[in-house]
Amino acid sequence: MGEFPPEAAAALKAAEALCGPLTLEGISDRRGSAVWKARGPQGAVGIKLGTGEAAEVTAREAAVLEQLPEYAVTAGRFDGGVWYVTPWLAGPSTWDVFRPVRKGAGGRGEALAAAVGLCRTVADLHGAGWVHGDLQPQHGIHTEDGVRLLDFAWSRQVGSTPWRRFDGTMIHLTAPELAARIIDGPQPVDTTQTADVHALAGTLWTCVTGRWPLDYEAVGIGRGASVEAMRAAIAERAVPMSTSTPWPALQARLRHVLLADSEDRPTAAELTEIVEAVDG
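This text gives an overview of the structure that appears in the document. Because the structure is predicted, anything quoted here is derived from the model rather than measured.

**Here we look at empty space enclosed by the protein**
Here is step 1: If you walk through the whole model with that rule in mind, you get 1 cavity of 30 Å³ or more.
Here is step 2: Quantified by volume, the largest cavity comes out at close to 120 Å³.
Here is step 3: Surrounding the largest cavity, 14 residues form its lining, Gly133, Thr169, Leu173, Leu178 and Ala199 being those nearest its centre.
Here is step 4: At 3 residues, the largest contribution of residues to the lining of the largest cavity is made by helix H7 (residues 193–209).

Encoded structure:
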């Protein structure tokens, strides 16, 4: 990552007010969105900068964080972009918790507890009238105070549409009905709680196997395929699911969710109970 841009100095001042004198660590920088971890004697925060097309996406995410009681955020604008500062979420991601499972080294008890915790957190978010819109294996952080979610850029309150256009997030976890709406329109397309549940089940499947739920190669969709080609195949339900089942008891339940039509899909609260009943 490059140097922290001097024009966003207000973000550093906001972080220093929370942490004291800072040391910065670059975490990611892609498509106009850059994240730093800032540490100081009084704690750690994340600093996110959005520039170009990512500026309003970053502003939208900050607005969501401001409305969620489990989170805190300070935000502002600078010449060419938007910044926000939020307390750093300390703990492993769901993907990290499942690592021993993927390696065949045990850890199913811890992984199952993490899966239940993630499902319950999504259920609580839905119960409060929100849609997350971008659930992925790295977007649940298992802290000492429970599971917290990351990346609220495509989140919305039910009944509101805070964007002019939605073209999808992680294609491999996109629900078929959402893929069809993106293709057929009209825009703006809304993220939905039922699509969240599909992505949640797909996230857990991926955490178990280390691979996406769909077997693209079975229908001749190679690694170089475009997002548009994959989206069309997903919308048509033309891609079979992977047959890899290292954890059959859990994956059989996830498979049912991933193959279900949207109206037959369980809620996140129901999925919590389904996963909780798995015999590790």
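**A few points about the pairing of strand S2 (residues 33–40)**
Here is step 1: The element S2 is largely enclosed, with a buried count of 6 among its 8 residues.
Here is step 2: Counted between consecutive antiparallel strands, the loop separating strand S1 (residues 23–30) from S2 contains 2 residues, among which arginine 31 sits at a positive phi close to 50 degrees.
Here is step 3: As defined by bridge partners, S2 adjoins strand S3 (residues 43–51) across 8 bridges and the pair is classed as antiparallel. Opposite alanine 38, over in S3, you have valine 45 as the bridge partner.

**Points about the pattern of salt bridges**
Here is step 1: Taken as a whole, this structure holds 9 salt bridges when the rule is applied.
Here is step 2: A salt bridge links arginine 99 to aspartate 96, with the nearest nitrogen and oxygen atoms 3.2 Å apart.
Here is step 3: With relative accessibility at 34%, the residue arginine 99 sits in the partly exposed group.
Here is step 4: Between glutamate 276 and arginine 120 there is a salt bridge, and its shortest N-O distance comes to 3.4 Å. One end of the pair, glutamate 276, is in helix H10 (residues 268–276); the other, arginine 120, is in helix H5 (residues 108–127), with 156 residues separating them in the sequence.
Here is step 5: Residue class for arginine 120 comes out partly exposed when judged on its relative accessible area of 38%.

**Overview of the nonpolar core**
Here is step 1: Ranked by internal contacts, the top residues of the largest apolar core, which has 50 residues, are Phe98, Leu149, Phe152, Leu204, Trp247, Leu250 and Val275.
Here is step 2: When residues of this core are traced back to their parent elements, those giving at least two are helix H2 (54–67), H5, strand S8 (146–149), H7, helix H8 (227–235), helix H9 (248–259) and H10.
Here is step 3: Ranked by the residues each element gives to this core, the list is headed by H5, at 9 residues.
Here is step 4: Those residues in contact with leucine 250 that lie beyond four places of it in its chain are Phe98, Val208, Val275 and Val278.
Here is step 5: Counting residues in hydrophobic clusters, the runner-up holds 15 residues, among them Ala8, Ala14, Ala15 and Ala38.

**Re the environment of phenylalanine 4**
Here is step 1: Note on placement: phenylalanine 4 falls in the segment before helix H1 (9–19).
Here is step 2: Accessibility expressed as a relative area gives 13% for phenylalanine 4, which makes it buried.
Here is step 3: As for phenylalanine 4 and histidine 172, which are separated by 168 residues in sequence, their C-alpha atoms are 33 Å apart.
Here is step 4: If sequence neighbours within four positions are ignored, phenylalanine 4 has contacts with Ala11, Leu12, Leu24, Trp36, Ile47 and Leu49.

**So, the packing of H7 against H10**
Here is step 1: It is the contact of H7 with H10, at a shortest axis distance of 10 Å, that shows an interaxial angle of 25 degrees. As summarised for this structure, H7 and H10 are arranged roughly parallel, according to the angle between their axes. Crossing of H7 over H10 shows right-handed handedness. Contacts between H7 and H10 involve Val197, Leu200, Ala201 and Leu204 from the first element and Ala268, Leu271 and Val275 from the second.
Here is step 2: Looking at side-chain class alone, the contact of H7 with H10 contains 7 nonpolar, no polar and no charged residues.

**A closer look at H1**
Here is step 1: Turning to H1, its buried residues are Ala11, Ala14, Ala15 and Cys19. Buried residues of H1, viewed axially, fall in a sector of 120 degrees; they line one side. Turned more than 90 degrees off the buried face of H1, the exposed positions are Lys13 and Ala17.
Here is step 2: Where H1 is buried, its residues contact S2, S3, strand S4 (74–78) and strand S5 (81–87).

**Notes on the sheet that holds S1**
Here is step 1: With respect to topology, 5 strands assemble into an open sheet ordered S1-S2-S3-S5-S4, the strand pairing being antiparallel. Strands with a single pairing partner mark the edges of an open sheet, and in this sheet they are S1 and S4. Each strand axis lies, on average, 20 degrees off the axis of its neighbour in the sheet, ignoring direction.
Here is step 2: Against the sheet, H1 engages S1, S2, S3, S4 and S5, with an angle of about 165 degrees to S3.

Criteria and thresholds
- Residues numbered from 1 in each chain as written.
- Predicted model: local features only at pLDDT ≥ 70, side-chain atom pairs only at ≥ 80, totals over all residues.
- Heavy atoms only, no water.
- 1 Å grid on protein atoms, 1.4 Å probe; cavity = no way out; pocket = protein on both sides within 12 Å on 5 of 7 lines; lining within 4 Å.
- Points joined across faces, edges and corners; volume = space filled by probe spheres on them.
- Helix = DSSP H or I, 4+ residues; strand = E, 2+ residues; numbered from the N terminus.
- Buried < 20%, exposed > 50% of the residue type's maximum accessible area, 1.4 Å probe, protein only.
- Pairing = 2+ DSSP bridges.
- Salt bridge = Lys/Arg side-chain N within 4 Å of Asp/Glu carboxyl O.
- Core = buried A, V, L, I, M, F, W, Y, C linked by side-chain atoms within 4.5 Å.
- Contact = heavy atoms within 4.5 Å.
- Axes fitted to C-alpha atoms, helices over the stretch in contact; angles between N-to-C directions.
- Parallel < 35°, antiparallel > 145°, perpendicular 65-115°, else oblique.
- Left-handed = near helix turned anticlockwise from the far one by under 90°.
- Nonpolar A, V, L, I, M, F, W, Y, C, P; charged D, E, K, R; others polar.
- Arc of directions from axis to C-beta.

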